[in-house]
Amino acid sequence: MIKLSRFLKPFQIPIYLVLGLVLLQSLAELYLPTLMADIVDNGVVTGDTHYIWKIGGLMLLVAAGGMICSIVASFYSAKAAAGFGKLLRSKLFSHVGNFSLYEFDKLGTASLITRTTNDITQIQQVLVMMLRMMVMAPMMCIGGIIMALSKDTKLTLVLAVSLPVLVITIIVIARKGIPLFKAMQVKLDKLNRVLRENLTGIRVIRSFNRVNHEKKRFNEANWDLTQTAIKVNKLMAAMMPIMMIVLNLTTVAIVWFGGIRISNGHMEVGDMMAFLQYAMQIMFSFVMLSMMFVMIPRASVSAVRINEVFETVADIQDPSEPVSAKAKKGQVEFQNVTFSYPGAEMPAISNISFKMNPGEVTAIIGGTGSGKSTLINLIPRFYDIESGRVLVDGADVREITQESLREKIGFVPQQAVLFTGTISENIRYGKEDASDADVHHAAEIAQAIEFIENMPAGFNSVIAQGGTNVSGGQKQRLSIARALVRKPEVYIFDDSFSALDFKTDAKLRAALKAETTSSTMLIVAQRVSTIMDADQIIVLDNGEIAGIGRHKELMETCAVYREIVMSQLSEEEIA
Ligand code: ADP
Ligand code: MG
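Residues numbered from 1 in each chain as written. Chains lettered and ligands numbered in written order. Predicted model: local features only at pLDDT ≥ 70, side-chain atom pairs only at ≥ 80, totals over all residues. Heavy atoms only, no water.

Filter applied, for reference: UniProt positions are given in the numbering used here, feature names are shortened, and annotations may be inferred rather than shown by experiment.
Naming follows an unreviewed UniProt entry, where the protein chain appears as ABC transporter ATP-binding protein of Neobacillus rhizosphaerae. According to the UniProt record, the Subcellular location (unreviewed entry) comment for the protein chain is "Cell membrane".

## Some remarks on a nonpolar patch on the surface
Note the threshold: Patches here: salt-bridge-free residues with over 30% relative accessible area, like charges joined within 9 Å, nonpolar side chains (Val, Leu, Ile, Met, Phe, Trp, Tyr) joined within 5 Å. Shrake-Rupley sampling with a 1.4 Å probe provides the accessible areas, and residues are treated as covered by the protein chains on show and by no other component. Throughout this description, the term salt bridge denotes a Lys or Arg side-chain nitrogen within 4 Å of a carboxyl oxygen of Asp or Glu. Think of it this way: any DSSP run of H or I at least four residues long counts as a helix, any run of E at least two long counts as a strand, and we number them from the N terminus. Three labels apply to residues, based on accessible area from a 1.4 Å probe with only protein chains included: buried if under 20% of the type maximum, exposed if over 50%, partly exposed otherwise in between.
Together, Leu 23, Leu 24 and Leu 27 make up an exposed nonpolar region whose accessible area comes to about 250 Å². You can see Leu 23 is positioned in helix H1 (residues 12–44). Owing to a relative accessible area of 35%, Leu 23 belongs among the partly exposed residues under this scheme.

## As for the site of ligand 1
Keep this limit in mind: Only heavy atoms are used to decide nearness, and a residue is near a molecule or strand if one of them lies within 4 Å of it. A 3.5 Å cut-off defines polar contacts: any pair of N or O atoms within that distance qualifies, except that in protein one atom must be a possible hydrogen donor and the other a possible acceptor, and neighbouring residues in sequence count only when both atoms are side-chain atoms.
Every residue close to ligand 1 is listed here: Asp 105, Tyr 341, Ala 348, Gly 367, Thr 368, Gly 369, Ser 370, Gly 371, Lys 372, Ser 373, Thr 374 and Tyr 383. One of the side-chain N or O atoms of Tyr 341 is found 3.3 Å from a nitrogen atom in ligand 1. Within the side chain of Ser 373, an N or O atom sits 2.7 Å from an oxygen atom of ligand 1. The dominant element in the shell around ligand 1, judged by the number of residues it contributes, is helix H9 (residues 372–377), at three residues.

## Observations concerning the pairing of strand E12 (residues 544–549)
What counts, and what does not: We treat two strands as partners when DSSP finds at least two bridges between them.
Sheet analysis places strand E11 (residues 536–541) next to E12, joined by five bridges and oriented antiparallel. Within E12, the position partnered with Leu 540 by the bridge is Ile 545. Count of turn residues in the E11/E12 antiparallel hairpin: two residues, of which Asn 542 carries a positive phi of about 55°.

## Quick look at the packing of helix H4 (residues 109–151) against helix H8 (residues 269–311)
How two helices pack is summed up by the angle between their axes together with the distance between the axes. Put simply, the rule is: Only the contacting stretch of a helix is used when fitting its axis, a line to C-alpha atoms as for every element, and angles between N-to-C directions run 0 to 180 degrees. Any angle between 65 and 115 degrees counts as roughly perpendicular, while under 35 counts as roughly parallel, over 145 as roughly antiparallel, and the rest as oblique. In a left-handed crossing the near helix is turned counterclockwise from the far helix by less than a right angle, and in a right-handed crossing that turn is clockwise. Gly counts as polar in this scheme, as do all residues outside two lists: the nonpolar Ala, Val, Leu, Ile, Met, Phe, Trp, Tyr, Cys and Pro, and the charged Asp, Glu, Lys and Arg.
Two numbers describe how H4 lies on H8: the axes approach to 6 Å, and their chain directions differ by 155°. The pairing of H4 with H8 is recorded here as roughly antiparallel in orientation. Of the two possible hands of crossing, H4 and H8 adopt the one that is left-handed. Partitioning the contact of H4 with H8 into residue classes produces 30 nonpolar, six polar and seven charged.

## Remarks on the environment of Leu 92
Condition: When checking whether two residues touch, look at their non-hydrogen atoms; a contact exists if any pair is within 4.5 Å.
With respect to the helices and strands, Leu 92 occurs in helix H2 (residues 49–97). Under the relative-accessibility criterion, Leu 92 is labelled buried at 1%. When the C-alpha atoms of Leu 92 and Lys 513 are compared, they prove to be 43 Å apart, with 421 residues separating the residues in sequence. Those residues in contact with Leu 92, other than ones at most four positions away along the chain, are Arg 115, Thr 116, Ile 120, Ile 306, Val 309 and Phe 310.

## Remarks on the UniProt feature "domain: ABC transmembrane type-1" (unreviewed entry) in the protein chain
Sites flagged by UniProt as "domain: ABC transmembrane type-1" (unreviewed entry) map to residues 17–298. When the span residues 17–298 is considered, its composition is 93% helix and 0% strand, and the gap between its end C-alpha atoms is 26 Å.

## Topic: the coordination of the magnesium ion (ligand 2)
Note the threshold: Donors, by definition, are the N, O and S atoms found within 2.8 Å of a metal, the threshold being 3.2 Å for Na, K and Ca, and water is not counted, so a site can look incomplete.
Distances from the magnesium ion (ligand 2) to its protein donors, Ser 373 (OG) and Gln 414 (OE1), fall within 2.0 to 2.3 Å. Of this pair, Ser 373 sits in helix H9 while Gln 414 sits in the loop between strand E6 (409–412) and strand E7 (421–422), and the two are 41 residues apart along the sequence. Taking the relative accessible area as the measure of exposure, Gln 414 reaches 40% and is therefore partly exposed.

## Structural notes on the nonpolar core
Definition in use: Joining through side-chain atoms within 4.5 Å is the link that ties buried Ala, Val, Leu, Ile, Met, Phe, Trp, Tyr and Cys residues into a set, and such a set is a nonpolar core.
Counting residues in each nonpolar core, the largest one holds 68 residues, and the members touching the most others are Leu 4, Leu 88, Leu 166, Ile 254 and Ile 306. Contributions of two or more residues to this core are made by H1, H2, H4, helix H5 (156–200), helix H7 (211–263) and H8. Per element, the largest residue contribution to this core is 18 residues, and it comes from H8. In terms of nonpolar packing, the next biggest core, distinct from the first, is built from 48 residues, Ile 423, Leu 508, Ala 525 and Leu 554 among them.

So this is what it looks like as structure tokens:
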């Protein structure tokens, strides 16, 4: 919690204002019973109407002042807390934005979402409470005791009995409640996870008839959370009546003993009334403190979870002194590259060396899991390599800024991802200032124009969340258009033609070839027909290069390649 307090800095002024106002409010509330005692003892008893009006007016003023302070304090505390929440959320969001893929794998997407939303809200709520009570509770407690003592010392003994009872109750309840609050946060996380899996996996769940199973799973998580919430609420519900009993018994005791002292002439009626009120204030301050003791552990769970995200620093950082690329545009070179995923025993790719030049098409082929996606993820520096060098335009990717590196690259991932928005917005994602003609042209080359124009609103048709209203092949073509509109130096296609039929695949590649004559092309594919005429084919097998060369050469020299070709093409096609 302390660590997060650095984000309170911009809100210092409203916070100090709130603290000051609450202080004034507490003073006003502490002053009121004394004024009342004055009226009773010096006005009512002597029948001095003028005095009653005078002090009564003062009482009204003090009460009104206290109320105004309270209202303004509420306003600013809400404002400061909401601003703090907003700042924290945006800081967290941009921090997560710097993560490399490794950190996402580690923390988990679902948990990152809960941390950015629910956990921050939790802290925000506690902040509002803290701002109001942090000053109020100790002020009312200490001030109340001083004032009560000044009214009557003997009667304070009543408090010496009832306060310990109250404190013990609070401690007992807090000790039971705090672990429950902590458990609740974890259970909420679990519920979120189950819900998220259910919503994103709805098609699979339906098709495998697992609806009932998933319902049961959700109900279990929901029931678990509910049970804990009920326990917590029962406990909190028990707290109120216990406190009221203690409070009321204290009142009875004060009136009882106060009555005796008044009839003995040791005390005045007004003083007893004031004493009663101070007793209430003192006890309520304990109630406030107890609420803080319950809320703070709850928020600290959230704070720890948020700090965890902040303390995770991205593996991949920009160099402090970035160099600028030297060689010709679009050249990519791997020199003896070895890379393993964190925690993996074996390297995913090892000893990879090859070179790609502008105007050339390089293709990568190999079985599933042979490391194709891994290899191309190293070019935009999604991961850092262990040994060797990856050079783009003659500069090591670790020596140039990530932005300038990725600017050069048009990346079409294996899993086509679209964003909510129109088709033209999605294509323009590749280049914000692309003209309508550019967007149209890119769609044309990607062979997407036909289905776009068949859609009701053409380029302005809206893509649903996750791109569920277009087919897999349409998604692939849109994400190819997105890369094309960028006109990058290096194109990377990760198995991006897999969902296209042979005819569209061939048409697309022909159009691409004409369009990208001066760019470097890297195509990962499963189909031999897609890559047969590439300038250079890299055959990957178990993360190592099994062969490199043109189709003809590889047919003669590389057994792995021949096997792949044999399994896909008929005799005459091979010849
Ligand atoms: P391909 O694209 O050729 O099908 P990949 O490059 O995706 O293969 O995977 C190569 C190997 O790396 C596989 O054995 C896979 O299990 C492993 N791998 C892929 N992604 C990750 C990851 N994020 N974390 C750990 N291991 C991974
Ligand atoms: Mg792959």
